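What follows is each chain in one-letter form.
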Amino acid sequence: MLSFSLTTAMYLVTFGIGASPFTNIEAARIFCCNSCIAIFFNYLYVLSFYGSSLVFTGYIENNYQHSIFCRKVPKPEVLQEKPAWYRFLLTAKFSEDTADSEETNTYESHLLVWFLKRYYCDWITNTYVKPFVVLFYLVYISFALMGYLQVSEGSDLSNIVATATRTIEYTTAQQKYFSNYSPVIGFYIYESIEYWNTSVQEDVLEYTKGFVRISWFESYLNYLRKLNISTGLPKKNFTDMLRNSFLKAPQFAHFSEDIIFSKKYNNEVDVVASRMFLVAKTMETKREELYDLLETLRKLSLTSKVKFIVFNPSFVYMDRYASSVGAPLQNSCISALFLLFFSAFLVADSLINVWLTLTVASVEFGVIGFMTLWKVELDCISVLCLIYGINYTIDNCAPLLSTFVLGKEFTRTKWVKNALEVHGVAILQSYLCYIVGLIPLAAVPSNLTRTLFRCLFLIALVTFFHCFAILPVILTFLPPSKKKRKEKKNPENREEIECVEMVDMDSTRVVDQITTV
């Protein structure tokens, strides 16, 4: 129960940090909050109802009652007289019919326990197998490093929608044929400005400089220049020619939807709002350029004389991904440091904490590298999975490391085998159940769910690889040695020899009497 309480505390701390105000994404905060509530009630369930159910089940078995029907199970000689269906439903093994040796060997006769003790423990600690495991670990580190150097932040809209949708087709075609241009950016001037003023015209053109522009304003100025008319017309002449001449031309009629006119009290017409469209020559795959472009335009809108805003529907997702990586990464570091600090006061030996830190670092490094090679980008979902991977690694590796580090008086190989025999079956069963639960996620037609599946699968696979291959081999030859950790004999139990010199008064003979205490 102590280990389960510690595991629950670690999960509550990790998800609690994700549910705190430090997380700037509402979806992640809600997920972490719900996870904390579920873990807390699960702990209460195990502490109360589950324990009571175990006691009740033990009471039923002790009275030889069926675990489902709660009916008294007859003895074998009586059961043989019953129909076949009755014998199939109601059967039990009576203790008086079973030898004591069979009862004690029930656990050891389990298939997985027998396989670990009989074959796997001796094989993985074999001298000729260890070099290949070390070589395999070096290959693992090499591929992980290759993927780690290619990590990219995700901001693709197709990652958060279902796979069989028009959005996927659109983004695929856009990236294939028009990837040299950014999304179309709406440039909205939301207040009345002096469009006829030459200085204002220069400011607006300066703001849109460097873009491919679809602009009524620039087209109208070029239209005036072609007619040899100055662009610095008075307000009334500028507006009248815009309404009655420019927008009436067939080639410019579509710009009428980009301008909003308003009549004042003196029947004077004014442009109260307008819009233009900008396209930047950049690579959409280079998301850093889009982030810089977006931030530059937003800062300019706050400091410029002309009040405008820039917007594109994809900006919502760019903002989401731009802000969704930094905060979870910060929270993951805080969680990892807190868990290691928390475990330092709970472990019986500081060496356990050192091994846990190295193992968690190795697992997280491998998961980041391999998920990049599996075309999984670093987004909100993958970072949350990395946070969860810290707890998952500690849950599976801590029992093995604790058993090994606290073992004394035998060789390191002996304690590696003992750790695998004691905890290997539980880790293997937990891993199999975990994989079975992940399989349905692979069938969901969504890139978001697919990212979740790939990250969780990699966490389970890499952790399993460390528990059953890397740690059993590395622990057998890395210091400290177990021989140095033997306990010294108790000084109270050692023999003391007392020598007493006795002199014979009648002669010069000296007698030594030896007394053992």
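Basis of the calculations
- Residues numbered from 1 in each chain as written.
- Predicted model: local features only at pLDDT ≥ 70, side-chain atom pairs only at ≥ 80, totals over all residues.
- Heavy atoms only, no water.
- Helix = DSSP H or I, 4+ residues; strand = E, 2+ residues; numbered from the N terminus.
- Buried < 20%, exposed > 50% of the residue type's maximum accessible area, 1.4 Å probe, protein only.
- UniProt positions renumbered as here; feature names shortened; annotations may be inferred.
- Salt bridge = Lys/Arg side-chain N within 4 Å of Asp/Glu carboxyl O.
- Contact = heavy atoms within 4.5 Å.
- Phe/Tyr/Trp six-rings, centres within 6.5 Å; stacked < 30°, edge-to-face > 60°.
- Axes fitted to C-alpha atoms, helices over the stretch in contact; angles between N-to-C directions.
- Parallel < 35°, antiparallel > 145°, perpendicular 65-115°, else oblique.
- Left-handed = near helix turned anticlockwise from the far one by under 90°.
- Nonpolar A, V, L, I, M, F, W, Y, C, P; charged D, E, K, R; others polar.
- Pairing = 2+ DSSP bridges.

The subject of this paragraph is the overall build of the chain. Assigned secondary structure in the chain consists of 18 helices and seven strands. Looking at the chain as a whole, 39% of its 517 residues qualify as buried.

The positions UniProt marks with the feature "transmembrane region" (unreviewed entry) are residues 6-25, 37-60, 128-149, 328-348, 354-374, 422-444 and 456-478. A distance of 30 Å separates the end C-alpha atoms of residues 354-374, which is 95% helix and 0% strand.

Here we come to the pattern of salt bridges. Going through the model one piece at a time under the given rule, you end up with five salt bridges. For the salt bridge of K417 with D122, the shortest nitrogen-to-oxygen distance reads 2.9 Å. Remark: D122 occurs in helix α6 (residues 111-124) and K417 occurs in helix α17 (residues 412-442); sequence separation between them is 295 residues. Between R213 and E218 there is a salt bridge, with the nearest N and O atoms lying 2.6 Å from each other. E218 sits in the partly exposed class, given a relative accessible area of 23%.

This part takes up the environment of C397. For C397, the location among the structural elements is in helix α16 (residues 380-406). In this structure C397 comes out as buried when scored by relative accessible area, which is 0%. Residues C397 and T463 lie 66 residues apart in sequence; the distance between their C-alpha atoms is 7.9 Å. Every residue in contact with C397, bar those within four places of it in the chain, is listed here: L356, T359, T463, C467 and L471.

Quick look at the packing of aromatic side chains now. Summed over the entire model, instances satisfying the criterion amount to 33 aromatic pairs. Ring geometry for W114 against Y119: centres 5.4 Å apart, planes inclined by 80 degrees, an arrangement best described as edge-to-face. Residue classification places W114 among the partly exposed positions, given a relative accessible area of 37%. A relative accessible area of 42% places Y119 in the partly exposed class. For the pair Y120 and F468, a centre-to-centre distance of 6.2 Å together with 65 degrees between the ring planes defines the contact as edge-to-face. You can see Y120 sitting in helix α6 and its partner F468 sitting in helix α18 (residues 447-474), a full 348 residues away along the chain. Side by side, Y120 and F468 carry an identical accessibility label, which is buried. An aromatic cluster of at least three residues, connected via ring pairs, comprises W114, F115, Y119, Y120, W123, Y431, F464 and F468.

A few words on unusual backbone geometry. If you check the backbone angles, N228 has positive phi at about 60 degrees while not being a glycine. Its identity as a non-glycine residue notwithstanding, K375 has a phi of 65 degrees, on the positive side.

Turning next to the packing of α6 against α17. Running from N to C, α6 and α17 point in directions that differ by 125 degrees, and their axes come no closer than 10 Å. The angle between α6 and α17 places the two elements in the oblique class. You can see that α6 and α17 cross each other, and the crossing is right-handed. Across the interface between the two elements, L112, V113, L116, K117, Y120, C121, D122 and I124 of α6 pack against K417, L420, E421, G424, V425, L428 and Q429 of α17. Looking at side-chain class alone, the contact of α6 with α17 contains nine nonpolar, two polar and four charged residues.

It is at 10 Å that the axes of α17 and α18 come closest, and there the two elements cross at 165 degrees. It follows from the interaxial angle that α17 and α18 lie roughly antiparallel. Between α17 and α18 lies a crossing whose hand is left-handed. Where α17 abuts α18, its residues V416, L420, G424, I427, L428, Y431, Y434, I435, L438, L441 and A442 lie against T449, L452, F453, L456, F457, A460, L461, F464, C467, F468 and P472. For the contact of α17 with α18, the per-class residue count stands at 20 nonpolar, two polar and no charged.

Counting buried residues along strand β4 (residues 269-279), nine of its eleven residues qualify, which places the element largely inside the surrounding structure. With five bridges joining them, strand β1 (residues 185-189) and β4 adopt antiparallel strand pairing. Bridge assignment links I189 to a residue of β4, and that residue is S274. Alignment of strand β2 (residues 212-214) against β4, held across three bridges, turns out to be antiparallel.

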